[in-house]
Amino acid sequence: MSYQVNEKGYYGVFGGAYIPEMLYPNVKELREKYLEYIQDPKFQEEYLQLLKDYVGRPSPLYLAERLSAKYGAKIYLKREDLNHTGAHKINNTVGQILLAERLGKKRIIAETGAGQHGVATATVCALKGLECIVYMGAVDIERQAPNVARMKMMGATVIPATSGSQTLKDATNEALRDWINNPTDTHYIIGSVVGPHPYPDMVARFQSIISEETKWQLLEKTGTSSPDYVLACVGGGSNAMGMFYHFLDDEHAKLIAIEAAGKGVNTGESAATTLLGKEGVLHGSRSIVMQTEDGQVVEPYSISAGLDYPGIGPQHAHLHTSKRALYVSITDDEAMQAGLELAKLEGIIPAIESSHALAYLSKMEFKGDETVVVCLSGRGDKDLSTYMTYFGL
Amino acid sequence: MNRINKLFEQKNKSVLSIYFTAGYPALNDTLDIAEALEKAGADFLEIGIPYSDPLADGPVIQNSSLTSISNGMTIKVLLEQLKDLRKRVSIPVFLMGYFNPVLQYGVERFCEACSEVGVDGMIIPDLPMYEYEELYQDCFKKHNLSNVFLITPQTSDERIRHIDELTNGFIYLLSSASTTGKNLDLSLKTDEYFSRIKNMNLKNPAIVGFGISDHASFSKASEYAHGAIVGTAFVKLLATENYQEKIPAFIQSLKNPA
């Protein structure tokens, strides 16, 4: 079975490009050129050089010994939190900015929820001297002031999305509307494996560096490049897709994607898309979407701003329905405890998104010698005030 | 022959279409507004199905959609309201909306219901041509519904020809690449684009939409195309007090110079 996109832009029944005609020329241009550009040796050379010297890759694969002792398995953390700007998001923005340059685009737009992707986009725009406009929900701008300041310091313009619920979903709508109104000079850097084809495939390819490195790092450390379990959190799903990518055809590796249950999947305040959603179209692709019976998209909830998205990427929808990966969910409380536990056991403060993946370890049963890789997608600096409020620190 | 083809047979210049969001400003206003528009002289209507994430729309239509949803509007409710459509309205009526609510209702079931109540066609901006051809075209044809596609200044001639082949109603000519509610660019660029389309001699009539808000923009569009659609400007009127009384004057102000 193929887990990759077909020539029509679909993963099984999911994917496609459900976009109004105004976006068609831009998306078509991207679709026709992205593979050629990405596969060009000069592009690869520049991309890998930047990942090495600017981002700080390869990110370490760290055997967390005290965590391993607690859960009775060999647990490795893929340290995306050590990347420049503090998360995996920059792997994608570095790739897309090089693509934008080759497409001759002068103006970059992006959406952001918690601000991590916005910061990663502002960063590469500063690096390349390109104009940067970031759409961010007005509510999120209030909640994530330090990231707004970071973007501004690097020269980006942050525009509040005041439509709808004023969060990530609406910031994405506003970015797409901007692209409609600026049809020729602008490239839209989407931050996750969502959007019309070819975005889900393109972003997955840029994030696949995570699993590419993990494989050789595992081989070096354990003598085999095939782990028993691979864990990653899923909002839209970009770190998970990058973490799963090179393991998709390795059926030995069990892939587990962890969604945010929020206050509990039955509380009405949750972001567990595969459990609560159904097939639908959002932001240009057919996938699984949280929505009302009438097809109105509902606002999800999670304590983690990076996971409260009402959809998942179409490739995830395919991995879920084909059962190649297991989709589970973790509540706010479970994630917060797991974040605190990692800080105490390993001296690493994880992003609350990544804490969701860590929290699932306590739900697994190990025999003692299994190899587990957890994607530590980001660091917890941005979440300090949430940790402080939650634990009364 | 369906109503929209008949209309263009009888009138091929300055055809005026009005867009409004169903269930706005109040849930049960839909048919009253449709009837008032016909009486005031609109040639055909586009009734918007509200959606939570209307990508192609500016703030005015976004807000009308959110109000309509909170008023309780759904496809089911709309189809119920439209059961009396043909007792009260004789001009062609299109439904315009985004794909997800239609997908949830069921495309086949939706087409069947639309045809039963006397709707003439659909405009679904985010339903791509490829998916329409592969999955839904037969269903639209079976129920004798037109499916209208959009074209923009960036749409290639080849693609316009393909759209012209797929369509049987009219072609929705976007005045520029933009969301709804912007002003029409009255520069030479617009003339060049409109005349390029005119010179293609398409089999379907072309109706200009987006940016048409007054007599000047309406008559500009009508110089090149068969007519134009006014949306945002009318939805704005619906937000004012006693809007019912203002509808005839509004339609006249589009058709005639001040």
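Residues numbered from 1 in each chain as written. Chains lettered and ligands numbered in written order. Predicted model: local features only at pLDDT ≥ 70, side-chain atom pairs only at ≥ 80, totals over all residues.

Student: I keep staring at the overall build of chain B and nothing clicks. Help me out?
Tutor: The number of helices and strands found in chain B is 13 helices and nine strands. The globule rule puts the C-alpha radius of gyration for 258 residues at 18 Å, and the 17 Å found for chain B is close to it. Its C-alpha atoms put chain B at 45 × 45 × 35 Å along the principal axes. Contacts in chain B between residues far apart in sequence, at least 24 positions, make up 76% of those at least 6 positions apart. (Helix = DSSP H or I, 4+ residues; strand = E, 2+ residues; numbered from the N terminus. Rg over C-alpha atoms; globule rule 2.2 N^0.38 Å. Contact = placed C-beta atoms within 7 Å.)

Student: Before we go on, may I ask you to explain the sheet that holds strand β3 (residues 93-96) of chain B in this structure?
Tutor: Strand pairing within a sheet occurs via backbone hydrogen bonds; the two strands may be parallel or antiparallel. Residue and element names in this part refer to chain B. Strand order in the open sheet formed by nine strands is β5-β4-β3-β2-β1-β9-β8-β7-β6, with parallel pairing between adjacent strands. The sheet is open, and its two edges are formed by β5 (146-148) and β6 (150-151), each paired on a single side. In terms of strand pairing, strand β4 (residues 121-123) meets β5 through three bridges, oriented parallel. For Ile123, the partnering residue across the bridge sits in β5 and is Val148. (Pairing = 2+ DSSP bridges.)

Student: Could you clarify how one ought to interpret the domain arrangement of chain A in this entry?
Tutor: How large an interface is tends to be reported as the accessible area lost when its parts come together. Residues and elements named next belong to chain A. Under the domain assignment used here, chain A contains domain 1 (18-50 + 89-203) and domain 2 (56-87 + 208-391). Domain 1 and domain 2 are separated by 23 Å when their C-alpha centres are compared. If you look at the interface, domain 1 gives 32 residues, while domain 2 gives 29 residues. Elements that contribute at least two residues to the side of domain 1 that touches domain 2 include exactly α4 (89-102), α5 (116-128), α6 (138-143), α7 (145-153), α8 (168-181) and α9 (199-207). Looking at the side of domain 1 that touches domain 2 residue by residue, the classes come out as 14 nonpolar, 14 polar and four charged. (Domains from an automatic or database assignment. Nonpolar A, V, L, I, M, F, W, Y, C, P; charged D, E, K, R; others polar.)

Student: When you look at helix α10 (residues 188-198) of chain B in this model, what are you seeing that I'm missing?
Tutor: All names here are of chain B. Every buried residue of α10 is listed here: Thr190, Tyr193, Phe194 and Ile197. Down the axis, α10 shows its buried residues gathered within 95 degrees of arc, on one side only. Seen from the buried face of α10, the exposed residues on the opposite side, beyond 90 degrees, are Leu188, Glu192 and Ser195. (Buried ≥ 20, exposed ≤ 12 C-beta atoms within 10 Å, placed from the backbone. Arc of directions from axis to C-beta.)

Student: I tried to follow the interface of chain B and chain A on my own but got confused; where do I start?
Tutor: Taken together, the 30 residues of chain B in the interface contact 26 residues of chain A. Of all the elements in the fold, those that place two or more residues in the side of chain B that touches chain A are α3 (59-71), α6 (99-105) and β6 of chain B. A per-class count over the side of chain B that touches chain A returns 17 nonpolar, 10 polar and three charged.

Student: I tried to follow the packing of α4(A) against α9(A) on my own but got confused; where do I start?
Tutor: For any two helices packed against each other, the geometry comes down to the angle between their axes and how far apart the axes lie. Residues and elements named next belong to chain A. Close contact between α4 and α9 brings their axes to 8 Å; oriented N to C, the two are set at 115 degrees. Accordingly, the angle class assigned to the pair α4 and α9 is roughly perpendicular. Taken as a pair, α4 and α9 cross one another with a handedness that is right-handed. Residues Asn91, Asn92, Gly95 and Gln96 of α4 pack against Val203, Phe206 and Gln207 of α9. Its residues assigned to classes, the contact of α4 with α9 shows two nonpolar, five polar and no charged. (Axes fitted to C-alpha atoms, helices over the stretch in contact; angles between N-to-C directions. Parallel < 35°, antiparallel > 145°, perpendicular 65-115°, else oblique. Left-handed = near helix turned anticlockwise from the far one by under 90°.)

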